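Structural features, examined
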Amino acid sequence: MSDPNDLAAFLAQAWQHLGRGVADRRAPARYPTFATVSPEGIPQARTVALRAASSTAGTLEVHTDIATDKVAALRHNPVAALHIWIPRSDLQIRVTTQVAILTGEAVEAQWRQIPEGSRVSYGTVPDPGAPIASVYDYEKPANRTRFAVLECTVTAFDLVHLGTQHRRAAFVRADGWAGQWVAP
Ligand SMILES: Cc1cc2nc3c(=O)[nH]c(=O)nc-3n(C[C@H](O)[C@H](O)[C@H](O)COP(=O)(O)O)c2cc1C
């Protein structure tokens, strides 16, 4: 049994789950809830797919269409929170991030990796969220210019483990991820 006092191991466990989410579409961290704040100050949460995770850089990557509300929100307020619940590990992962919206040449490598059939996720006409006259009154052409990578630089983690005795810790980039146990 690993040492329950080991803060570094606790954080490493979270990164391990994030990495699994990228590699395995059935892993719980594949589909985090991604929350932004609208220009009007209203919280907005939605499911996204986790496309990359780097524990060394402390970054996560999400792909989206620049015409979505989340991009409008991020242009106004470039912060996002991600939330993941890992049932088998009884672990809640909450992540706070600063987000850069990358488009154009900067995302050419990622675009090339996306299968033809999946590229239609970027370019819906009319724009996502626009009212339509009937249920299927839209088209989904693949539109390279609408593709964006949201590069999320992690600034903080809040981890909660619901064991026999609960454990909760806060980690911030500012102190080199030293971590601090907090009351659950
Ligand atoms: C399983 C699942 C995965 C999704 N993955 C993404 C994604 O990776 N990127 C994305 O922009 N939207 C994704 N969506 C759609 C979003 O949840 C959302 O409906 C859409 O992006 C519009 O959100 P917004 O208007 O709040 O920006 C996904 C939805 C589901 C159900």
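No experiment lies behind these values; they were computed from the predicted model shown.

1. Things to note about the side chain of Glu 61
Structurally, the position occupied by Glu 61 is in strand β4 (residues 59-65). Summary of buried charges: Glu 61 has no salt-bridge partner, and the nearest side chain of opposite charge, Arg 51, is 7.4 Å away. Here His 63 takes part through its side chain, which lies 2.8 Å from a polar atom of the side chain of Glu 61. Look past the residues within four positions of Glu 61 in its chain and what remains in contact with it is Ala 49, Leu 50, Arg 51, Ala 52, Gln 110, Val 149 and Leu 150.

2. A closer look at the packing of aromatic side chains
Tallied over the entire structure, the rule returns 6 aromatic pairs. On the basis of an interplanar angle of 80 degrees and a centroid distance of 5.4 Å, the ring pair of Trp 15 and Phe 157 is categorised as edge-to-face. Of this pair, Trp 15 sits in helix α1 (residues 7-23) while Phe 157 is found in strand β7 (residues 147-161), placing the two residues 142 residues apart along the sequence. One exposure class covers both Trp 15 and Phe 157, and it is buried. Chaining the aromatic ring pairs together yields one cluster made of Trp 15, Phe 157 and Trp 177. Taking NZ or CZ as reference, Arg 167 lies 4.4 Å from the ring centre of Phe 10, over its face.

Rules behind the numbers
- Residues numbered from 1 in each chain as written.
- Predicted model: local features only at pLDDT ≥ 70, side-chain atom pairs only at ≥ 80, totals over all residues.
- Heavy atoms only, no water.
- Helix = DSSP H or I, 4+ residues; strand = E, 2+ residues; numbered from the N terminus.
- Buried < 20%, exposed > 50% of the residue type's maximum accessible area, 1.4 Å probe, protein only.
- Lys, Arg positive; Asp, Glu negative; His and termini not counted.
- Salt bridge = Lys/Arg side-chain N within 4 Å of Asp/Glu carboxyl O.
- Polar contact = N/O pair within 3.5 Å; in protein donor to acceptor, adjacent residues only side chain to side chain.
- Contact = heavy atoms within 4.5 Å.
- Phe/Tyr/Trp six-rings, centres within 6.5 Å; stacked < 30°, edge-to-face > 60°.
- Lys NZ or Arg CZ within 6 Å of the ring centre and 35° of its normal.

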